[in-house]
Every structure is written in C-alpha cells, then in structure tokens.
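Chains, contacts and geometry: an overview
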Amino acid sequence: MSSSTPLQGNQETVDDSPVLTAAPRTDAAGPLSPGEGSADGAVVRPGDRVFKILAVGSSVLVTVSIIAIAVFLLLRAIPAISRNEANFFTYAERWNLANTSAMYFGIPNMFLVTVTVSILALILAMPVALGIAIFLTAYAPKSMVKPLGYLVDLLAAVPSIVYGLWGFMALGPALSGLYKLLADGLGFIPLFAIYPNSPAFETGRNLFTGGVVLAIMILPVIAATTREVFVQTPRGHIEASLALGATRWETVKLAILPFGKSGFISGSMLGLGRALGETMALYLVISPSSAFRGSLFDGGTTFATAIANAAPEFNDNLKAGAYMSAGLVLFLLTFVVNSAARVISKK
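Here's a quick rundown of the structure. Remember, predicted model here, so these are calculated numbers, not experimental data.

Basis of the calculations
Residues numbered from 1 in each chain as written. Predicted model: local features only at pLDDT ≥ 70, side-chain atom pairs only at ≥ 80, totals over all residues. Heavy atoms only, no water. Helix = DSSP H or I, 4+ residues; strand = E, 2+ residues; numbered from the N terminus. Buried < 20%, exposed > 50% of the residue type's maximum accessible area, 1.4 Å probe, protein only. Areas by Shrake-Rupley, 256 points an atom, 1.4 Å probe, with all protein chains shown as cover. Salt bridge = Lys/Arg side-chain N within 4 Å of Asp/Glu carboxyl O. Core = buried A, V, L, I, M, F, W, Y, C linked by side-chain atoms within 4.5 Å. Contact = heavy atoms within 4.5 Å.

Focus on the overall build of the protein
Along its length, the protein carries 11 helices and 4 strands. Taking all 347 residues of the protein together, the buried fraction comes to 35%. Working note: accessible area of the protein is about 19800 Å², and carbon and sulfur atoms make up 66% of it.

Printed below as a string of structure tokens:
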C-alpha cells in the first residue's frame, strides 16, 4: 500500500493505486439533465441552437425556392407546349403564337445564340482573368495587391445596363473597322461571314460585340475566384521551388498553377453561368434576329433577350407559357453549369 498522500477529488482504488474519475459536469443551474449536452458531452448553448436553426432554415429556404421556381416554370409551360404544333427542340423558324390553339415555337436558335455568345465571352475572359490572378498572386508589389484587386472587383459592381449602353454606343461602332478587316480576310469561314444588308454588321450590334461585353462582365468573377485559390497554395511548395533554383515563372508553373487549376476552372464555370443568363446588356448590344446563321457578325436572340422582348405579350397566359418554356430550358442549363462548377471545385 502506498504511503503517499491521497489525491483530492473523486477516485477509485484499483490494485492499491488511486485512479481519478471525472466528476459530474455541472453548470450554474446544477447538474446537466439528459439531452442538454451534445453527443460528446459538451454543453449546447442557446446561441448555438439559434444559429443552427437559422443555418438549417436558410439552406432549406434556398432549396425550396429553387424547386418552387422550377415547378412554377414547368406548370406555366405545360399548357403552351401541349398546344405547340412544332417540335420544341428542332423548330428553327420564327415563332408564331398568334393562334393560341395551334402555336409554333422552338428553342434551337435561341439555344445556339446563347451558347455561342457565352462561350465566346469565356474564351476572351479566361486568359485575361488568369493573367490578373497570377500577377496579383506572384508579381504585384504588396502595396498594389489590394488596390488592384478592388479595382478588378469593381467591374462586377457596374450595372449591366451601363455595359449595354457602352457596348451599343461606343464599343460596337469602334469595332466596326476591325469587323470589316476580319470579314475581308476570313469571310470564307462561316464564323466570319457577312450577310447582305445586315444591320448587325454595319452598326456593330452583333454576337462578337456581345461576347466582348460579356467577357468584361464575367472577368471579375473568374479573376477573383482564381486568385482566392492561388493564394492558398502551401507556402512550403513555393519556398521549396525557389530553393531549388526555380525562377518566379517556373514557380508559378510548377507550384501555383497545378494547385489552383480546379479553382480556375470552377471560377470560369461560374462566369459562364452568369453569361448564360445576362439580359439587359445583350438586349442593347445584339441586333435582334429570330435566325441563327453561325456568323459572329450577325444578330441573334438569346433566351433572356427573347423573354425580355416578349414581355408585352405576357398578359396572355398561353403566349407567356411559350416563353416560360424557354425560361425553363435556360434555368436547367444554368443549373447544370453551376452544378458542374461545384463538382469541379470540390475535387
């Protein structure tokens, strides 16, 4: 038997050795009753419960809202689609909704114009956004990083109507000379073909101008997302690269770009999601046309601009339902793009 002084507190003696046992947890009101603590025995404070309720409620509210929007569009579109005498997915002529008992409408042209302008914007914006992110991460002096970052972020704060006015009144006319040069040299390619008496080519209100405006609009989304991932590159990777004698560019290429590639791709997908749904800027910049002839120097109509143009017809539920069906396709397209961005960012 040990002759040392016994330890204070609750204890049990096993093989003549004192073993401490935990005393019951208590708070100001006395011992905790069953259910007042978490699974690991920690106290759950009222503030934690309130925060959990608010967080769960917010996520449920967002999910319910998305489902409600989809159900609303579907219910409004079904009556019009049931009266559609044309194939909704292949009919590429002008919409004829005059006779609501036998309507003719389809989405191929709007789908192709929407995707063409958005992909063009993505092609123009991605290299510039990547360069901005690399410069702010690896090359810019520390005193310039924040001001330049704020300046790029401010592009996202400019209203789309302002971009549209700028593209319509300044950018389009300014690029008309470039369009003529491209058409003269590359007119044999359908992508740069000119169609006679096309107002979209003469005024610069064409898909190319729309793509440039959209590229500027989605640039801050891609640049900000990419930069946030680049700055998370483990410092040890960068220092190891520099210690082995790599130049700054080699460090960017071997350490930063591989680490931030998924962030760059996911940011680009988020930018694409915004480009797909842009309305007011393209409404002003692109000359409306019901056809899609595959030329960047031609006009066109996206899903969003078609719905905006048809707003006066929404007093008729069936006519409105036809455009609701186009809105449903745009909703699904945007949802797929954003879901893909989330999957990529997780990987």
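Examining the pattern of salt bridges
A side chain with one charge can pair with a side chain of the opposite charge if their charged atoms come near. Taken as a whole and judged by the stated rule, the model has 3 salt bridges. One salt bridge in this structure joins Glu 228 and Arg 227, with 4.0 Å as the shortest N-O distance. Measuring nitrogen to oxygen at the nearest pair gives 2.8 Å for the salt bridge that ties Asp 298 to Arg 293. On the accessibility criterion, Asp 298 (5% relative accessible area) is buried.

As for the nonpolar core
Trp 95 and Phe 105 are the most contacted members of the largest nonpolar core, which has 58 residues in total. Every element with two or more residues in this core is listed here: helix H2 (108-139), helix H4 (160-186), helix H6 (207-230), helix H8 (248-277), helix H9 (280-285), helix H10 (303-309) and helix H11 (317-346). A total of 11 residues in this core trace back to one element, the largest contributor, which is H6. If we skip the residues at most four places from it in the chain, Trp 95 touches Tyr 104, Phe 105, Gly 106, Met 110, Ala 322, Tyr 323 and Ala 326. By size, the runner-up hydrophobic cluster in this structure holds 6 residues, among which are Ala 133, Phe 230, Val 252 and Ile 256.

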